[in-house]
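# Topology and contacts: notes
One-letter residues, chain by chain:
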Amino acid sequence: MTTRNQRPDRAELPPLPATAPPVPAPDPETDARIRAADRAHVFHSWSAQGHIAPLPIAGAAGSWFWDYSGDRYLDFSSQLVNVNIGHQHPKLVAGIAEQAARLATVSPAFANDARAEAARLIAEVAPGDLNRVFFTNGGAEANEHAVRMARAHTGRHKVMAAYRSYHGATAGAIALTGEPRRWGSEPVAPGVVRYWGPYPYRSAFHAGTEEEESARALEHLRRTMVMEGPHTIAALVLETVVGTNGILVPPPGYLEGVRALCDEFGVLLIADEVMAGFGRCGEWFAVDHWGVVPDLITFAKGINSGYVPLGGVVISDAVADTFRDRPYPGGLTYSGHPLACASAVVSMGVFREENILEHVRTLGEKVIGPELRALAERHPSVGDVRGLGVFWAVELVRDRETREPLVPFNASGADAAPMAEFTAACKAGGLWPFAHFNRTHVVPPCTITEEEVRYGIALLDRALDVADRHTTAAGPGRPGPAAPGR
Ligand SMILES: Cc1ncc(COP(=O)(O)O)c(C=O)c1O
């Protein structure tokens with residue numbers, strides 16, 4: 001059938017991948033009913049409630065989802081970078097149904113086969129002696145508990161957390177968060193010490209090379225720790241690869257250097273792998289890429305692709321021992337929920353059966369990286385391309401020389417218009433992007449096929465023409481900084 005996505009200029013694109021599911025006929029009545037109920041009764045995250053119009057979604061399969069208007073989208077966002085094994089994986093759906101029929105819920109105080117098996121499987125793939133798992137409902141809670149464990153273990157209270165980080169929206173996690181989503185919750189709990197992490201494209205350290213960036217970021221970290229008094233610092237938390245704030249892949253030596261500093265000062269290293277873990281970087285845990293062993297790893301999202309809410313903390317033997325004779329001061333009604341844990345067990349099995357880690361590494365190295373770099377050659381709006389696995393950022397600029405971002409930091413309204421036009425162009429073409437500030441992230445499911453990736457990047461290619469119009473390369477009359485009166 002013909003949908004609104006299938007426009008006459010479709011001929012310019014590669015053929016629609018055979019994996020694209022058929023889209024049901026438009027159903028405007030259902031669409032209108034959902035929209036009305038949603039606007040009347042649902043309070044949405046991070047939004048001015050009167051300024052949003054959430055799109056009702058009718059269904060999804062694999063790397064695709066569709067609405068009630070007959071429009072289908074290739075999911076280059078994995079929703080919130082969590083649907084790592086794709087939408088509606090039949091084994092995962094069946095695993096949840098089976099567990100629901102057998103034992104839908106049980107208190108965390110009991111032992112449970114799904115929970116025990118999920119914990120065993122996670123410990124099996126976790127690095128070093130991270131052998132125990134505390135399950136939560138999501139990423140923010142995981143970070144809350146990791147910090148609580150670190151404080152109790154060390155007897156110290158401060159936590160170091162980076163600018164350009166997101167760690168969740170609960171009280172403690174938002175205090176760790178180093179970006180504008182924290183501002184609306186301030187004042188937050190005290191005890192967080194902020195530092196700058198590496199970002200070679202926009203170095204805080206005036207570094208010219210990745211090696212310089214790494215060395216200078218580590219020197220800055222050392223000085224900050226010394227000035228804070230290392231004996232007051234319980235933990236340092238970092239996103240192994242910074243996610244929403246830019247897909248910042250640590251330069252060579254950085255993570256190893258952070259580990260060494262933490263060891264020197266008796267500070268626990270917490271790796272927040274809520275977004276970077278479980279396949280996104282082509283490894284079970286992103287730290288495996290650098291061979292670094294944290295004291296605590298937090299996870300969520302990709303563990304079970306979010307089919308049922310689940311997160312957790314993987315805990316080293318030393319930290320776990322702290323709570324051998326002394327009770328751990330924390331818990332959750334749904335810690336280790338059987339439905340969630342059963343889905344984690346099935347999902348980890350699917351990763352193995354379908355060889356997903358290998359697939360992700362190959363896609364990153366052979367397809368996504370080269371294709372995005374080719375886009376950068378064609379489009380003056382592309383300032384930088386970076387990433388690994390299925391975790392990539394395309395950073396958009398007005399001017400490649402000055403690196404002025406396509407839209408200002410944290411822009412909204414008219415200031416954000418160039419990005420809004422770009423994302424609208426993606427969607428009009430049938431691609432659902434993950435856009436943040438002046439970047440679009442290429443973060444499809446780990447199971448996306450090569451054909452789908454190439455198709456999606458061809459859609460991105462077309463949408464970038466819209467971004468190009470806002471660059472200095474677009475010439476006189478462009479809506480750029482040199483145009484007076486703006
Ligand atoms: C790195 C990171 N940590 C923590 C979180 C918070 O996870 P949740 O939304 O499940 O609480 C997120 C969510 O995007 C994240 O990306």
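Residues numbered from 1 in each chain as written. Predicted model: local features only at pLDDT ≥ 70, side-chain atom pairs only at ≥ 80, totals over all residues. Heavy atoms only, no water.

Next up on the list: the nonpolar core. Membership of the largest hydrophobic core comes to 70 residues, with the highest contact counts inside it found for Ile-122, Phe-135, Phe-285, Val-314, Leu-372, Leu-396 and Phe-422. Each residue touching Phe-285, except ones within four places of it in the same chain, is listed here: Ile-122, Val-125, Ala-126, Pro-127, Glu-273, Phe-278, Ile-297 and Val-314. One finds Ile-247, Leu-269, Trp-290 and Leu-388 within the second-largest nonpolar core, a separate group that totals 34 residues. (Core = buried A, V, L, I, M, F, W, Y, C linked by side-chain atoms within 4.5 Å. Buried < 20%, exposed > 50% of the residue type's maximum accessible area, 1.4 Å probe, protein only. Contact = heavy atoms within 4.5 Å.)

In a beta sheet, neighbouring strands pair by backbone hydrogen bonds and run either parallel or antiparallel. Here four strands make up an open sheet; going across it, the order is β1-β2-β3-β14 and the pairing mixed. Edge positions in the sheet fall to β1 (57-61) and β14 (431-432), since each has one partner strand and no second. Across two bridges, strand β3 (residues 72-75) lies against β14 in parallel orientation. The partner of Asp-75 across the bridge, within β14, is Trp-432. (Pairing = 2+ DSSP bridges. Helix = DSSP H or I, 4+ residues; strand = E, 2+ residues; numbered from the N terminus.)

With that out of the way, let us pick up the packing of aromatic side chains. In this structure the tally under the stated criterion is 14 aromatic pairs. Considering the side-chain rings of Phe-278 and Trp-284, the 6.3 Å spacing of their centres and the 75° angle between planes classify their relative orientation as edge-to-face. By the burial criterion, Phe-278 is buried, and Trp-284 matches it. Pairing Phe-409 with Phe-437 gives two aromatic rings, centres 5.0 Å apart and planes at 65°, and the pair type is edge-to-face. One end of the pair, Phe-409, is in the loop between β13 (404-405) and α12 (417-429); the other, Phe-437, is in the loop between β15 (434-436) and β16 (439-442), and 28 residues separate them in sequence. (Phe/Tyr/Trp six-rings, centres within 6.5 Å; stacked < 30°, edge-to-face > 60°.)

Note on terminology: disulfide describes a covalent bond linking the sulfur atoms of two cysteines. Summed over the entire model, instances satisfying the criterion amount to zero disulfides. Unpaired in terms of disulfides, Cys-262 finds its nearest cysteine sulfur in Cys-281, a separation of 20 Å. Relative accessible area serves as the criterion here: at 0%, Cys-262 is assigned to the buried category. (Disulfide = S-S within 2.5 Å.)

Further remarks concern the site of the ligand. Lining the immediate environment of the ligand, one finds Gly-138, Gly-139, Ala-140, Asn-143, Tyr-166, His-167, Gly-168, Glu-239, Asp-272, Val-274, Met-275 and Lys-301. Within the side chain of Lys-301, one N or O atom sits 2.9 Å away from an oxygen atom of the ligand. Across the complex, the protein chains shield 80% of the 390 Å² of accessible surface that the ligand would expose by itself. In terms of residue count, helix α5 (residues 139-154) provides more of the shell around the ligand than any other element does, three residues in total. In terms of residue class, the shell around the ligand is built from four nonpolar, five polar and three charged. (Near = heavy atom within 4 Å. Polar contact = N/O pair within 3.5 Å; in protein donor to acceptor, adjacent residues only side chain to side chain. Areas by Shrake-Rupley, 256 points an atom, 1.4 Å probe, with all protein chains shown as cover. Nonpolar A, V, L, I, M, F, W, Y, C, P; charged D, E, K, R; others polar.)

Interhelical geometry of helix α7 (residues 210-228) versus helix α8 (residues 254-265) gives an angle of 20° and a closest axis separation of 10 Å. The orientation of α7 relative to α8 falls into the category roughly parallel. Where α7 crosses over α8, the two elements pack in a sense that is right-handed. Residue-level contacts link Ser-214, Ala-217, Leu-218, Leu-221, Arg-222, Met-225 and Val-226 of α7 to Tyr-254, Gly-257, Val-258, Leu-261, Cys-262, Glu-264 and Phe-265 of α8. Partitioned by chemical class, the residues of the contact of α7 with α8 number ten nonpolar, two polar and two charged. (Axes fitted to C-alpha atoms, helices over the stretch in contact; angles between N-to-C directions. Parallel < 35°, antiparallel > 145°, perpendicular 65-115°, else oblique. Left-handed = near helix turned anticlockwise from the far one by under 90°.)

Moving on: the environment of Tyr-254. Turning to its location among the elements, Tyr-254 is positioned in helix α8. Take Tyr-254: its relative accessible area is 3%, and that puts it in the buried class. Considered as a pair, Tyr-254 and Leu-218 are 36 residues apart in the sequence and their alpha carbons are 6.9 Å apart. Discounting chain neighbours no more than four positions away, the residues touching Tyr-254 are Tyr-195, Gly-197, Pro-198, Ser-214, Ala-217, Leu-218 and Leu-221.

Another aspect to go through is the sheet that holds strand β9 (residues 296-299). Read from one edge of the open sheet, seven strands run β4-β10-β9-β8-β7-β5-β6, paired in mixed fashion. Two strands close off the open sheet at either side, each with one partner strand: β4 (130-136) and β6 (192-195). Strand after strand, the sheet turns through a mean of 20° between neighbouring axes, direction not considered. Relative to β9, strand β8 (residues 268-272) runs parallel, the two sharing three bridges. From the neighbouring strand, Ala-271 faces β9, where its bridge partner is Ile-297.

These figures come from the coordinates and say nothing about function on their own.
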